[in-house]
Amino acid sequence: DYERSKRAGEPVTVSDELYARASVRSVESCVEHCRRIGFPVMIKASEGGGGKGIRKVEREADVATAYRQVSSEIPGSPIFVMRLAAKARHLEVQLLADEYGEAIALNGRDCSVQRRHQKIIEEGPPLAAPPRVWAAMEKAAVALAKAVGYANAGTVEYLFTEEDGSFAFLELNPRLQVEHPVTEMISRVNLPACQLMVAMGIRAHRIPDVRKLYGRPPYSTSTIDFLDEPRQPPYGHCIAVRVTAENPDQGFQPTSGSITEVNFRSTPDVWGYFSVDSSGLVHEFADSQFGHLFASGADREAARKSMIVALNEISIRGDIRTTVEYVADLLKSSEYVGNAIDTEWLDARLKRERAGKESEARGKTQTNPGVEIAAALMASSSSQAADAGKDDALVAAHAAFIEARDAVARNAAEFAETLAKGHVPDADRLAATTSRVELLLNGAKFVLDVHQTGPDAFAAANARRDSFVKKSHFDKADDYLAGSVRPLADGGYLVSVGGRSRVAYATRPPGQPLRLTLDRKTFLFEKEYDPATLRAESAAKLAKRLVPDGARVAEGDAFAEVEVMKMYLPLKIGKDGAGVLRWAKSEGVALEPGDVVATVELDAPDKVSRATLYEGNLARDAHHGPTSSSSEVHVVLRQAVSLVEHAFDGYAVPDDRRRAALVDLDRCLDHPDLPVLEIAQARAVLRGRVPAALDARLDEARDASAVVDALDRYRDDAAVEATTQHLRAVATAFAEGGRRAECLLALVRRYLEVEREFADGAPLADVVARLRNDDCEPGRVLDICRSRVAGAERGVLVLELIAAVPKKDHDLFAPALTELATLRDETATPVALEAKRLLIQRSLPSRDELLARLVAFIDDDALPDLVRSGLPMRDVVVQLLQDPARRRAAVEAYVRKIYDAHGVDDLRDLSEEHRDAVRWTFRTHDDHDDRRTAPAFGYAFPSEANLASASSELSDCEQQQRTPVHHREKTQTTAASSSEVTRHGIFAVFPTFAAVAEALGRLAAAFPATDAAVNCLHVAVVDEALRDEETEDFVERAVAALRSRLDALRRIRRVTVLVAAAAHHPPAIFTFRAKTDFAEDVLLRHIEPPHAFYLDLVRLRNFAIRLADAQQTLSSNVHCYEVAAKASKGAAVRFFVRVLAMSSEFAASDAERMLVESLAALEIRIGEAEQRRASKVRRNNHVYLNVVARHAAVKRAAVEEAAKVLCERYADKLRGLGVSEVEFKLAAADATLRVVATNPTGFVLRLDSYLDVVAEDGVAYLRGDGDWDGKEVTAPYQVEAPLSKERAAALAASDTLYCYDYVELFEAAVRHAWDEHAARCEAYVKPPERCVDFVELAVDAPVGWTADEAVELAEVRRPPGQNDVGVVAWVATLWTPEYPTTGRRVVVVANDITVKAGSFGTREDKVFDLASRYSRARGLPRLYVAANSGARIGLSTRVRDAMRVKWRDDDDPTAGFDYVYLDGSDLQRLPKDAVEASIVTDPAEAPGRLRKLPGAPAAYKLRAVVGDEPDLGVENLRG
């Protein structure tokens, strides 16, 4: 026993029997002893340590589980049950004992900061115990060591209770513990060295460090009375922190994975060590501690502060989580600063914080099952708490940018890999610049759309709730947060957000959410909480299932145990997770992070707490500092150019930044400081590299030309020339007129770098395949795809750049414009049209040239020649009217030009006082309306009797020009009816509209007295420039002024106001009509009313029309009307573009310019309409081009050739804009010719020509070779073109042609054969006028015939589309070069896909058989043209309409269905054998719809459908 051994001087021993009696060996024994000593208790394995093999138990029900966990963690170890010492301090004494029975205490340590009974922070010397108590603890420890004969370094651990000052023995650790440097630093004793000396047999009092501890010379031999002699006081204070691979946010759960970086630098006050091998791997079978830090100081506070600094500066990156940041937060807490801690302090702190966090996060995301919630990071102070939301937004923004950048990198890698495999990558996905990022942080859910705005630049904002958008939708800077992300060599990122750059590291452990380290602080994003899916949070082994499969579990129940790092941890059911558990894994299996362990069929899934969606303003919340940007012109210019380049490269540059870049570009290129700054920048790199004399000359240079002159002196010096090459280029650019043209041209060429790859209209997949075959770099291919995906946005940008090009630089841009004009791709159509327009514009006289030529006519008093010249006056009339010396002549010339078709008589000054105003007379029909009909006098219509001769003459290119019929001649061929009236017109010039309003009464009084409003008033406002945005306000002012004088204006039919516009823009023209109380006639805006009838608007009377756009170009009026059929509610929108040009003669170049202008206007309006209506409007659009050349003669061949060439040249653009008809009209002196171009098949251009002819009844008709023949010239356009619905149906059904259009293809093929034949022959070969003749073979039987009847085919000539059978047959005669006179007869058969989807029923089979018999009987070849291929069994329509579906869930069709059925009432209406069905007898299987209806009919489950229609056939499938 102890006393006997002590008296005998022998070591105290404990017998095996006694040891066994003190420990427990079974669950039952453990339970018994727990009852005896009372709860709470600790169950601890004797050989455990480091938090392993120890469990706290508070109730008897948990004893068995805790005992099993302890015995499993430390197999074979004796297990003790001890009463829990609440609120105790863990203090330990460091011992050193020699082999001669001497033992000493070397001070001690306070290890009270523990988590799960594992030390987190150690410090020494202990300050909790009073000196007297501490001395007693040291003596007891020494006595224990001596009693058991211990020899080595060791530690005696105590539990100290501050309330009563008592302490209790815990254990003796017979080893050197990892925290031993704490004792070494406060005692200066090298413990490992002391261990070696003890092992060598050296006595304790001979060890030098021990002697110094007791104030003795280190190398003397005198003995020391260790019991009574005092030690030297401690050398300050030391705090140690363990660095472990544990996740403090999940209850210090161990983590595993690799460590990629440990960055720690020791300081005089802090040192540490880390144990990481070359692999950097921390696996689940190792201890979680891999590092230890020790901070010393003069006192505890100094050591604490040093440790906090060290923890904030350390950087550990990898797949693992560490406790570094959390411990730093602990060290700052008031409890730790005040040393008010105990062994339960950290657990209690976590429990309180968890409770507070759960309370605060009601309705927000909860953590996953089995995980304890840790304290919020960096939120200890009140100011931090107040800014937590903004801090979260800032962190989320960094994470979103990094996630988006990594997504871009992954897509680029996948793109290159796919390309390398020989496949065509999915460009829409892999080249996309927008991604949606969802992040959960501190209970807030951030759903952000992140757009890549440059190679390393991004912009983010809250996602739109309706849908994901692929294009940037940011309109202003407040809508988004901009930033940049650049990868670092060490795997991190340099992220710039809100005016500040930060280093960030992002890791994504397997199965775990994103973890972001930002400014050395770690932020763990959360997963969306799903209590129905129970997952493993880290690598582990499923040690035991605690509940069986199908068991009901409640919130907080432990359902499994997992083994992690030799520790057994419970997995618990989370909040709102009550339900029935279903196992997904078996016991003993290894789990990876994210593995599904089990699922729960929740009792109340609707009550599951969800995250709160972040709805703040990211731009404000995450912007924590001012954004610095340079204001120097050359820097701003460089940034603007970069942004425009990014936009051309397909990046999603926000609209506000793009607009600002264009403004900066325009401003900086003309800034006077730009040459100085750019030359200075180019010179900065030349300092010391050029001769001193040259440097001096450059210093003296005052402008760019002087710089060039200075450089020219050294042209012969090759070295200087090479060195100054860049400087010369910059200076030369400014010396030759500036950098505008050069800069803009470079940007346009950047656009062309991509677009030229698609110049032939090839689809993206073909272009990618071609580039791959050409061994193009994957990165370049990806750049092209990204630019391509951006689509029309790049085209809009290049149009803005082209508009900024000065006219003087158009020659420099000519090659680029030429290439732009050849682009055939649909997305480049607006650019190609604008480029073509500018090229055409180059060939026309400039505004100044036009003005000079008109002035020459006026100065030479040659007004008749000016009127006949065809020179447009409108664009420069304001400049002429502003010249007092030429105003009178300009007014007369303008009036005579616009009323040329009506005839101008008696033109004179309004009065002697008003020489700025003229009056005249003209004549029209009394019922004439400018908008509806042609004038009575304008040009001669051929009469009906003379049609034949007129047509033959017009078809001859050498016809003689007809003598124009002047409006004053009484011998004209048109019927000059007695309803003609003489009208009066006045044209007056005023400086402002206010002057016009004041003079209205005087002008109205100048008209002669009449009984009706028949006169016309024109006023010009020449000194008041009208901007576009002022148009509506001006119209309101004009209407108000006119309506205030209605009585005075009673003799006036209309008032037309011409207003000067901004510089280089045509004047605006507004017409106000008396019949609407002088409201504006919006349909005729910007066109003079005498010219309005040329728009043929009367032909649009079948439609409700709206003026979508009205433009005035150099010599044309372009009016675009949006129309919809009146008779059809909700009719599709179409566009009619009407272009009018007044010219001296017809020229193909004029027609091309008009066509380009019409297509450009149509492209813009279609885009607006599609955006407004969210539907396509690219079908059945119409273009009308009217050239009025009253002093020229019609040349039919020239007009037809121009129409053919232009329609073929712009075929792709016409097709892309849905133009189904182009109408060319030439109103000449001798006749009016119309050429209508259509291409219904998409392969054959059809040209139909018509003349306007007056019949004996005085009505004008169209005479020609097309569908319009015989119609009045004012006949309305058809709402639907013939067969347009059938053609659209065929195209939609099988991407094919309507069967009747094959006739035109046969004709085109035969004509092509004749062309090839003529090319082979030396002599001229004239093809026949008629190449093909198709006669339809139709069944000669009444409608509704059946296949059982005896029917035959008959040859009939009837319009296309009259068939009611899905097969059509013809007998065709083809006059080919081989059969030029007799022709070759063949039978052609085609299936009509618009009739019953092209199905082959019995009637179709009958027609096909009869056509085949017809061909065989006559020995004719039979050709069969199939619109599609494949087949399907036809379904009875009557049965199909009665069929119903029995859904598994009536409210959720996605859950599937059980069967298809018929109601009993529907079944009775069908023929007896139409279906096979069985009645549903089980009410549980009956459809829910019927169960809810009282007296509902029975349900019959369908087993087979036979049908009752007589002609159910095999339908062709889409091929």
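Structure: see above.
Here the structure is a predicted model, which means the values were calculated and not measured. (Residues numbered from 1 in each chain as written. Predicted model: local features only at pLDDT ≥ 70, side-chain atom pairs only at ≥ 80, totals over all residues. Heavy atoms only, no water.)

*Asks:* Help me out: how do you make sense of the overall build of the protein chain in this one?
*Replies:* Along the backbone of the protein chain there are 46 helices and 59 strands. Total accessible area computed for the protein chain in this model is approximately 69400 Å², and 50% of it derives from carbon and sulfur atoms. (Helix = DSSP H or I, 4+ residues; strand = E, 2+ residues; numbered from the N terminus. Areas by Shrake-Rupley, 256 points an atom, 1.4 Å probe, with all protein chains shown as cover.)

*Asks:* Any chance you could explain the sheet that holds strand β56 (residues 1457–1463) here in plain terms?
*Replies:* As a general point, the strands of a sheet are linked pairwise by backbone hydrogen bonds and lie either parallel or antiparallel. One open sheet holds the four strands; their spatial order is β55-β56-β58-β57, and the pairing between them is antiparallel. Two strands close off the open sheet at either side, each with one partner strand: β55 (1444–1447) and β57 (1475–1479). Ignoring strand direction, the axes of neighbouring strands in this sheet form an average angle of 50°. Where β57 lies against strand β58 (residues 1499–1505), five bridges are found, and the strand directions are antiparallel. (Pairing = 2+ DSSP bridges. Axes fitted to C-alpha atoms, helices over the stretch in contact; angles between N-to-C directions.)

*Asks:* Looking at this model, I keep getting lost on the sheet that holds strand β25 (residues 533–535). Mind explaining?
*Replies:* One open sheet accounts for four strands, arranged β25-β32-β30-β27; its pairing is antiparallel. With partners counted over all chains shown, the strands left at the sheet margins are β25 and β27 (552–553), one partner each. As paired elements, β27 and strand β30 (residues 579–583) share two bridges and run antiparallel to each other. Looking across to β30, one finds that R552 is bridged to V580.

*Asks:* Honestly, the packing of aromatic side chains in this entry has me stumped. Any pointers?
*Replies:* Any aromatic ring pair is given by two values, namely how distant the centres are and how the planes are angled relative to each other. Evaluated as defined, the whole model comprises 28 aromatic pairs. Judged by centre distance (5.0 Å) and plane angle (20°), the rings of W271 and F294 are stacked. Of this pair, W271 sits in strand β13 (residues 270–274) while F294 sits in strand β15 (residues 289–297), and the two are 23 residues apart along the sequence. Here F294 falls in the buried class, since its relative accessible area comes to 0%. Pairing F1093 with Y1094 gives two aromatic rings, centres 3.9 Å apart and planes at 40°, and the pair type is tilted. The same class applies to F1093 as to Y1094, namely buried. Site record: aromatic cluster; members linked through ring pairs are F1103, F1136, Y1250, W1268 and Y1277. For the cation-ring pair, R1138 lies above Y1184, with the distance from its terminal atom to the ring centre recorded as 3.9 Å. When the ring centre of W1345 is taken as reference, the NZ or CZ atom of R1403 above it lies at 4.7 Å. (Phe/Tyr/Trp six-rings, centres within 6.5 Å; stacked < 30°, edge-to-face > 60°. Buried < 20%, exposed > 50% of the residue type's maximum accessible area, 1.4 Å probe, protein only. Lys NZ or Arg CZ within 6 Å of the ring centre and 35° of its normal.)

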